[in-house]
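# Geometric and topological summary
The lines below spell out each chain.
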Amino acid sequence: MTQFDVLTIGNAIVDIISRCEDSFLLDNDITKGAMNLIDAERATRLYSLMGPAIETSGGSAGNTAAGVASLGGRAAYFGKVAADQLGEIFTHDIRAQGVHYTTRPGTTEPPTARSMIFVTEDGERSMNTYLGACVEFGPEDVEPDVVAASRVTYFEGYLWDPPRAKEAIVECARIAHANGREVSMTLSDSFCVHRYRDEFLDLMRSGTVDIVFANEQEVLALYETENFEDALERLASDCKLAAVTMSEKGAVIVRGKERIRIPATAIEELVDTTGAGDLFAAGFLYGYTSDRSLEDCGKLGCLSAGIVIQQIGPRPNLSLKKAGQDYGLIPV
């Protein structure tokens, strides 16, 4: 029996979210729509330039874990914070959302990671991330019993930036597969794909990863093509199962020769796209670990993403379980 439906592994980050004009991005050399890695000095400077901001616990995989829990699933999380105020905030927030989280914090240096997220009028988010304590995450932080007891272990591609995290991920995959579990990853970001294309493809082709999440741009970047259908064909041959999001066009689920198209959930207002892909993965994995059809998994993913982009911040303010019930996707 599984104790957890989904274990997610990622960079434990506190998000600092502020609105800005496109000109601000240009003036400060910020790549729009991407995750930009920055050092401590630039983190301090950008923070000083921010307008009124909202601070919330984030991190891609942490958002996914929170989403699974909000849907009523059993979620666990691995991620490293420091023994400082932001670390305490992160720990409190993720546990308060019902996620099992017992990774031991590091010391006070380096400090807990933070990401300055600038949201433009079109809802696009541009992330500027100082990894801080995240780079300390390594094999010693793996909890084998939790991995063995999780039906799916999911990790973010961003983890390929801190070097020791790779060792931890490979060890988690070994434990998961030895216990008959599955491993999933998200490609995270087109720039991340460009940095680690060969390594990501090897993870898929070697069977280390069973299920892949990506958006349209990331899949095109992975296969260095402008032909989306060709990229899907190649993706299908490289992994067992994949889900690709396409913004307002919805998503497509890929398994062998199957192509299941899922329409986007209708929304009233696009507020902030932060966490959209993370919450799609949460909905999909909740459905998958509940033995739902792939179509239902995709619908749960699109619903979860559709809800989070109508609010500020990457973790749902409303119960995703109730929303799923209202849409007839989760039994009452």
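Residues numbered from 1 in each chain as written. Predicted model: local features only at pLDDT ≥ 70, side-chain atom pairs only at ≥ 80, totals over all residues. Heavy atoms only, no water.

## Focus: the overall build of the chain
Spelled out, the test is: Helix numbering and strand numbering both begin at the N terminus, where a helix is a DSSP run of H or I of at least 4 residues and a strand a DSSP run of E of at least 2. Note on exposure labels: buried denotes an accessible area under 20% of the residue type's maximum, exposed denotes more than 50%, and partly exposed covers the range between, all computed with a 1.4 Å probe on protein chains only. Residue contacts follow a heavy-atom distance rule, with two residues in contact if any of their heavy atoms lie within 4.5 Å. Counted as positive: Lys and Arg. Counted as negative: Asp and Glu. His and the chain ends are not counted at all. By convention, the point assigned to a charge is CZ for Arg, NZ for Lys, CD for Glu and CG for Asp.
Secondary structure assignment for the chain yields twelve helices and 14 strands. Across its three principal axes, the chain shows a C-alpha extent of roughly 50 × 45 × 40 Å. A buried classification covers 61% of the 332 residues belonging to the chain. Intrachain contacts of the chain at a sequence separation of at least 6 include 74% that bridge at least 24 residues. Taking the 30 positively charged and 49 negatively charged side chains of the chain as two groups, their mean positions are separated by 5 Å.

## A word on unusual backbone geometry
Between E109 and P110 the backbone carries a cis peptide bond, its omega angle lying at -10°. Looking at the secondary structure, you find P110 in the loop between strand 6 (100-101) and strand 7 (113-119). For S188, which is not a glycine, the phi torsion comes out positive at approximately 80°. As for its placement among the helices and strands, S188 is situated in the loop between strand 10 (182-186) and helix 7 (190-205). Phi is positive for D291, which is not a glycine, with a value near 60°. With respect to the helices and strands, D291 occurs in the loop between helix 10 (276-289) and helix 11 (294-308). Residue D291 is classed as exposed on the basis of its relative accessible area of 58%.

## Looking at the packing of aromatic side chains
Counted only if it meets this: Any two rings among Phe, Tyr and Trp, with Trp reduced to its six-membered ring, count as a pair given centres within 6.5 Å; such a pair is stacked if its planes are under 30 degrees apart, edge-to-face if over 60, and tilted if neither.
Taken as a whole and judged by the stated rule, the model has twelve aromatic pairs. Ring pairing ties together the aromatic residues Y154, F213, F280, F284 and Y288, which thus form one cluster.

## Notes on the state of the cysteines
Covalent bonding between the sulfur atoms of two cysteines is what defines a disulfide. Worth spelling out the cut-off: Here, the term disulfide refers to a pair of cysteine sulfur atoms separated by no more than 2.5 Å.
Within this structure, the stated rule accounts for zero disulfides. Here C134 is not cross-linked by a disulfide; its sulfur's nearest cysteine counterpart is in C192, at 13 Å. For C134, a relative accessible area of 1% translates into the label buried. The class for C192 is buried, based on a relative accessible area of 0%.

## Some points on the sheet that holds strand 3 (residues 35-37)
Within a sheet, adjacent strands bond to each other through the backbone by hydrogen bonds, running parallel or antiparallel. Worth spelling out the cut-off: If DSSP finds at least two bridges between two strands, the strands pair. Note on definitions: angles span 0 to 180 degrees between N-to-C directions of axes, and those axes are lines fitted to C-alpha atoms, for helices only across the stretch in contact.
Here we have five strands laid out as an open sheet, ordered 3-8-7-2-4, and mixed in their pairing. The sheet is open, and its two borders are formed by strand 3 and strand 4 (54-58), each paired with just one other strand. Strand after strand, the sheet turns through a mean of 25° between neighbouring axes, direction not considered. Inspection of the sheet shows strand 7 paired to strand 8 (residues 125-130) by six bridges, in the antiparallel sense. Each residue of the ladder has a partner; that of S115, found in strand 8, is T129.

## Let's talk about the pattern of salt bridges
Where side chains of opposite charge bring their charged atoms close, a pairing between them can arise. How we decide: Only one rule defines a salt bridge in this text: a Lys or Arg side-chain nitrogen within 4 Å of an Asp or Glu carboxyl oxygen.
Counted by the stated rule, this structure contains 21 salt bridges. A salt bridge links D238 to R205; the shortest N-O distance between them is 3.1 Å. Taken as a pair, D238 in helix 9 (residues 228-238) and R205 in helix 7 lie far apart in primary sequence, 33 residues in all. On the basis of relative accessibility, which here comes to 10%, the residue D238 falls in the buried class. The network of salt bridges with common partners includes D22, K32 and D122.

## A short note on helix 10
In plain terms, the rule: To estimate the expected span of a helix, count its residues, drop one, and scale the result by 1.5 Å.
Relative to the 20 Å expected for 14 residues at 1.5 Å per residue, helix 10 spans 20 Å between its end C-alpha atoms, a close match to the ideal helical length. For helix 10, the tally of buried residues reaches twelve of 14 residues, placing the bulk of the element in the interior. Just downstream of helix 10 lies D291, where phi reads positive at about 60°.

## Concerning the nonpolar core
To keep it simple, the criterion reads: Joining through side-chain atoms within 4.5 Å is the link that ties buried Ala, Val, Leu, Ile, Met, Phe, Trp, Tyr and Cys residues into a set, and such a set is a nonpolar core.
Core analysis: the largest hydrophobic core is formed by 54 residues, its most contacted members being I9, F78, F155, F200 and L235. Contact partners of F200, with chain neighbours within four places excluded, come to G157, W160, M185, L187, C192, V193 and L222. Grouped together as the second largest cluster of nonpolar side chains are 47 residues, A75, F213, I260 and A282 included.

## As for the side chain of T129
We apply this condition: In the analysis that follows, any N or O atom pair within 3.5 Å is treated as a polar contact, provided that within protein one partner can donate a hydrogen and the other can accept it, and provided that, for residues neighboring in sequence, both atoms belong to side chains.
Positionally, T129 belongs in strand 8. Engagement of the side chain of T129 in a polar contact is seen with the side chain of S115, the distance being 3.0 Å.

## Focus: the sheet that holds strand 9 (residues 150-156)
The nine strands are arranged 6-5-1-9-10-11-12-13-14 in an open sheet whose pairing can be described as mixed. Edge strands, defined here as strands with exactly one partner in the open sheet, are strand 6 and strand 14 (258-262). Two elements, strand 9 and strand 10, share five bridges in a ladder whose sense is parallel. The residue of strand 10 that forms the bridge with V152 is E182.

## What to know about the packing of helix 3 (residues 60-70) against helix 10
Cut-off, in case you're wondering: Oblique is the label for any angle not covered by the other classes, which are roughly parallel (under 35 degrees), roughly antiparallel (over 145) and roughly perpendicular (65 to 115). In this scheme the handedness of a crossing depends on how the near helix is turned from the far one: anticlockwise by less than a right angle means left-handed, clockwise means right-handed. Gly falls in the polar group here, along with every residue not listed as nonpolar (Ala, Val, Leu, Ile, Met, Phe, Trp, Tyr, Cys, Pro) or charged (Asp, Glu, Lys, Arg).
Running from amino to carboxyl end, helix 3 crosses helix 10 at an angle of 45°, the nearest separation of the two axes being 8 Å. The angle between helix 3 and helix 10 places the two elements in the oblique class. In this structure, helix 3 crosses over helix 10, and the sense of that crossing is right-handed. Along the contact surface, helix 3 presents S60, N63, T64, G67 and V68, while helix 10 presents D278, L279, A281, A282 and Y286. When its residues are assigned to classes, the contact of helix 3 with helix 10 shows five nonpolar, four polar and one charged.

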